[in-house]
Amino acid sequence: MAFTTRKVFQVGDEVEVCSKQDGFHGSYYEGIVIENLGDKYKVKYRNLVEENDMSTALEELAEVDEVRPVCPKVWPDFFPGEKVDAFANDGWWAGIITRKSGDDWFVYFPSTFEHIAYPKKHIRLHLESRRNGWVSRDGRVFSCEGKPLSCKKRLRIVMGGSSSTSVKARLV
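Every chain is numbered on its own, with residues counted from 1 as its sequence reads. Local features are withheld for residues below a pLDDT of 70 in this predicted model, meaning they are given only at 70 or higher, and side-chain atom pairs are given and counted only at 80 or more; totals for whole chains, interfaces and linings count all residues. Hydrogens and waters are ignored; side-chain quantities use all the structure's heavy atoms.

A.B. asks: I tried to follow the pattern of salt bridges on my own but got confused; where do I start?
C.D. replies: Close approach of charged atoms lets side chains of opposite charge pair. Here, a salt bridge means any side-chain nitrogen of Lys or Arg that lies within 4 Å of a carboxyl oxygen of Asp or Glu. A complete count under the given rule lists 11 salt bridges for this structure. Note that Lys42 is salt-bridged to Glu59, the shortest N-O span being 3.7 Å. One end of the pair, Lys42, is in strand 3 (residues 40-50); the other, Glu59, is in strand 4 (residues 53-63), with 17 residues separating them in the sequence. The exposure class assigned to Lys42 is partly exposed, which follows from its relative accessible area of 27%. With its nearest N and O atoms 3.6 Å apart, the salt bridge here joins Lys120 to Asp77. Note that Lys120 is positioned in the loop between strand 9 (114-119) and strand 10 (123-125) and Asp77 in the loop between strand 5 (67-69) and strand 6 (83-88), a separation of 43 residues in sequence. Through salt bridges that share partners, Glu14, Glu30, Arg46 and Lys73 make up one connected network. Runs of E in the DSSP output that reach at least two residues are strands. Runs of H or I that reach at least four are helices, and both are numbered from the N terminus. Working definition: with a 1.4 Å probe on protein chains only, accessible area under 20% of the residue-type maximum means buried, over 50% means exposed, and in between means partly exposed.

Here's what the structure looks like:
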């Protein structure tokens, strides 16, 4: 689940780093780029601390393909089966909404077989980063700020190879 669209980050950019460690696959941790080393970034994490000094933020090298921009927080009305990220254990973990009960949303995590309730403020829509925005699993497109985008370009669809059977379609 590494970030695949290459983007060059500068010192001071806020990012998320995808963990590749066993037991943490697919989780993302927020941080700030403190050094660009070309093929790697040195990142200072927002919520992770040094093991031997809990008052010091963890600094670590991350491969270029593990780093992506900070995902916008998008909180639509979730529905069962929707892929989301839940904030737990200092990072964002991918899961699937199963139901709502009161003010809590239940999220199932296929990687750990856990089913946990979260308030809406600890869940965001799962989005994949693209060159100039973010895309949900069902194809909804969002700006880098998390605002829904629509495509208003006209598309000509030609059926059967004849222009007499063409249809003009509008994507929204």
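Here the narrative resumes, following the displayed structure.
A.B. asks: Help me understand the environment of Gln10 in this model?
C.D. replies: Relative to the helices and strands, Gln10 is located in the segment before strand 1 (14-18). Gln10 sits 24 residues away from Ile34 along the chain, and the two C-alpha atoms are 8.1 Å apart.

A.B. asks: Sorry if this is basic, but what is going on with the pairing of strand 1 here?
C.D. replies: Looking along a regular strand, one sees the side chains alternate between the two faces of the sheet. Burial runs high along strand 1: four of the five residues are buried. We call two strands paired when DSSP finds no fewer than two bridges between them. Two strands pair when backbone bridges link them, and strand 1 and strand 2 (residues 28-36) are joined in this way by five bridges, in the antiparallel orientation. Bridge pairing links Val17 to Tyr29 in strand 2. In terms of strand pairing, strand 1 meets strand 5 through three bridges, oriented antiparallel. Bridging from a neighbouring strand, Val17 pairs with Val67 of strand 5.

A.B. asks: Explanation requested: the packing of aromatic side chains in the structure shown.
C.D. replies: Two descriptors summarise a pair of aromatic rings, namely the distance from one centre to the other and the angle between the planes of the rings. Between 30 and 60 degrees the pair is tilted, below 30 it is stacked and above 60 it is edge-to-face, where a pair is any two Phe, Tyr or Trp rings, Trp via its six-membered ring, whose centres lie within 6.5 Å. Scanning the model with the defined rule gives five aromatic pairs in all. Each ring, one from Phe78 and one from Trp105, has its centre 5.5 Å from the other, and the planes form 85°; the classification is edge-to-face. Of the two residues, Phe78 sits in the loop between strand 5 and strand 6 while Trp105 sits in strand 8 (residues 104-109), which places them 27 residues apart along the sequence. Residue Phe78 shares its accessibility class with Trp105, and that shared class is buried. The ring centre of Tyr28 lies 3.7 Å from the NZ or CZ of Arg68, which sits over that ring. For a lysine, the NZ atom is tested; for an arginine, the CZ atom; a charge sits over a ring if that atom is within 6 Å of the ring centre and within 35 degrees of the ring normal. The ring of Phe106 carries Arg99 above its face, with NZ or CZ at 3.9 Å from the centroid.

A.B. asks: How do you make sense of the side chain of Ser27 when you look at a structure like this?
C.D. replies: Structurally, Ser27 is set in the loop between strand 1 and strand 2. For the purposes of these results, a polar contact is taken to be a pair of N or O atoms within 3.5 Å, where, inside protein, one atom must be able to donate a hydrogen and its partner to accept one; residues adjacent in sequence count only when each atom of the pair is a side-chain atom. Side-chain polar atoms of Ser27 contact the backbone oxygen of Phe24, separated by 2.5 Å. With near-sequence residues (within four places) excluded, Ser27 lies in contact with Val17, Cys18, Ser19, Trp92 and Trp93. A contact between two residues is defined here by any heavy atoms of the two lying within 4.5 Å.

None of the figures reported here should be taken as evidence of function without further support.
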